[in-house]
Amino acid sequence: MCWKSNNFISPKIATNDIEVYKILRVVDEYIISPCFEFYWKLGIQYETNICFKDEKRIIREGFHSLKEYPKSNSYSWYTTNYKNLFIKYLDDRIFKAVIPEGSIYYENEYGEIVSNKLKLLYGCN
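1. Some details on the packing of aromatic side chains
So, step 1. Applying the stated criterion across every chain, the model contains seven aromatic pairs.
So, step 2. Ring centres of tryptophan 40 and tyrosine 46 lie 5.0 Å apart, and the angle between their planes is 75 degrees; on these two criteria the pair is classed as edge-to-face. For the residue pair tryptophan 40 and tyrosine 46, the accessibility class agrees, reading buried in each case.
So, step 3. Every member of this aromatic cluster is reached through a ring pair, and the members are Phe38, Trp40, Tyr46 and Phe63.

Right, here's the structure in full:
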């Protein structure tokens, strides 16, 4: 999974909680990130490192989320110039999440955000 910007990006610090959306796969009672098979639970704050693939334009690892609710049934984390283009599987669900105050995050021009902390709040669909 790669998050990409056409511009050099700088880190930001969340001065307040930031509400975001995250696309995850639900299989049986498990909530799973489709690419790295990270298992999530509602209400728990998770923390990770943000890792870059190149000189601060492509992020390889971190908690990926969206600033706005997806307007389409398909979306790919491989950024293109089309913000709302992704592959939707039957088990995919959209979750409301929060990037907690004090978190480090990066935002690109497509409304994608990668943060070092994230907490799932509830499922939206």
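2. Thoughts on the pairing of strand S11 (residues 104–107)
So, step 1. Where strand S2 (residues 12–13) meets S11, two bridges bridge the pair, whose relative direction is antiparallel. Considered in S11, the bridge of isoleucine 13 is made with isoleucine 104.
So, step 2. Both S11 and strand S12 (residues 112–115) contribute to a ladder of three bridges, which runs antiparallel. Residue pairing across strands places glutamate 107 opposite isoleucine 113, the latter belonging to S12.
So, step 3. With antiparallel pairing between neighbouring strands as the criterion, S11 and S12 make up a hairpin whose turn holds four residues, including glycine 111 at a positive phi of roughly 85 degrees.

3. What to know about the nonpolar core
So, step 1. Formed by 14 residues in total, the largest nonpolar core has its most connected members in Val20, Leu24, Ile31, Trp40, Leu118 and Leu120.
So, step 2. If you list the elements that add at least two residues to this core, you get strand S3 (18–27), strand S10 (92–99) and strand S13 (117–123).
So, step 3. In terms of residues, this core owes the most to one element, S10, which gives three residues.
So, step 4. Setting aside residues up to four positions removed in sequence, valine 20 forms contacts with Ser65, Leu66, Phe95, Lys96, Ala97, Val98, Ile99, Ile113 and Leu118.
So, step 5. In this structure, Ile50, Ile59, Tyr106 and Val114 belong to the second largest nonpolar core, which totals five residues.

4. A closer look at the confidence of the model for the protein chain
So, step 1. With 74% of its residues at a pLDDT of 70 or more, the protein chain has an overall mean of 80.
So, step 2. Considering each helix and strand of the protein chain separately, the mean pLDDT is smallest for strand S1 (residues 3–4), with a value of 57, and largest for strand S6 (residues 45–47), with 97.
So, step 3. Note that residues 76–87 has pLDDT below 50 and, in this model, 43 contacts with residues that lie over four places away or in other chains.

5. Quick notes on the environment of tyrosine 21
So, step 1. Structurally, tyrosine 21 is set in strand S3.
So, step 2. Taking the C-alpha atoms as reference points, tyrosine 21 and isoleucine 113, 92 residues apart in sequence, are found 9.6 Å from one another.
So, step 3. Once residues within four sequence positions are removed from consideration, tyrosine 21 is found in contact with Ser65, Leu66, Lys67, Glu68, Tyr69, Pro70, Ile94, Phe95, Lys96 and Cys124.
So, step 4. In terms of polar contacts, tyrosine 21 uses its side chain to reach the side chain of lysine 96, at 3.0 Å.

6. Here we look at the pattern of salt bridges
When charged atoms on two side chains of opposite charge get close, those side chains can pair.
So, step 1. Throughout the structure, instances matching the rule amount to three salt bridges.
So, step 2. The partner of glutamate 107 in a salt bridge is lysine 12, with the nearest N and O atoms 3.9 Å apart. Of this pair, glutamate 107 sits in strand S11 while lysine 12 is found in strand S2, placing the two residues 95 residues apart along the sequence.
So, step 3. We classify lysine 12 as partly exposed; its relative accessible area is 36%.
So, step 4. As a salt-bridge pair, lysine 96 and glutamate 19 come within 3.2 Å of each other at their nearest N and O atoms. With lysine 96 in strand S10 and glutamate 19 in strand S3, the pair connects residues that are 77 residues apart, well separated along the chain.

About the criteria used
Residues numbered from 1 in each chain as written. Predicted model: local features only at pLDDT ≥ 70, side-chain atom pairs only at ≥ 80, totals over all residues. Heavy atoms only, no water. Phe/Tyr/Trp six-rings, centres within 6.5 Å; stacked < 30°, edge-to-face > 60°. Buried < 20%, exposed > 50% of the residue type's maximum accessible area, 1.4 Å probe, protein only. Pairing = 2+ DSSP bridges. Helix = DSSP H or I, 4+ residues; strand = E, 2+ residues; numbered from the N terminus. Core = buried A, V, L, I, M, F, W, Y, C linked by side-chain atoms within 4.5 Å. Contact = heavy atoms within 4.5 Å. pLDDT = per-residue confidence, 0-100. Polar contact = N/O pair within 3.5 Å; in protein donor to acceptor, adjacent residues only side chain to side chain. Salt bridge = Lys/Arg side-chain N within 4 Å of Asp/Glu carboxyl O.

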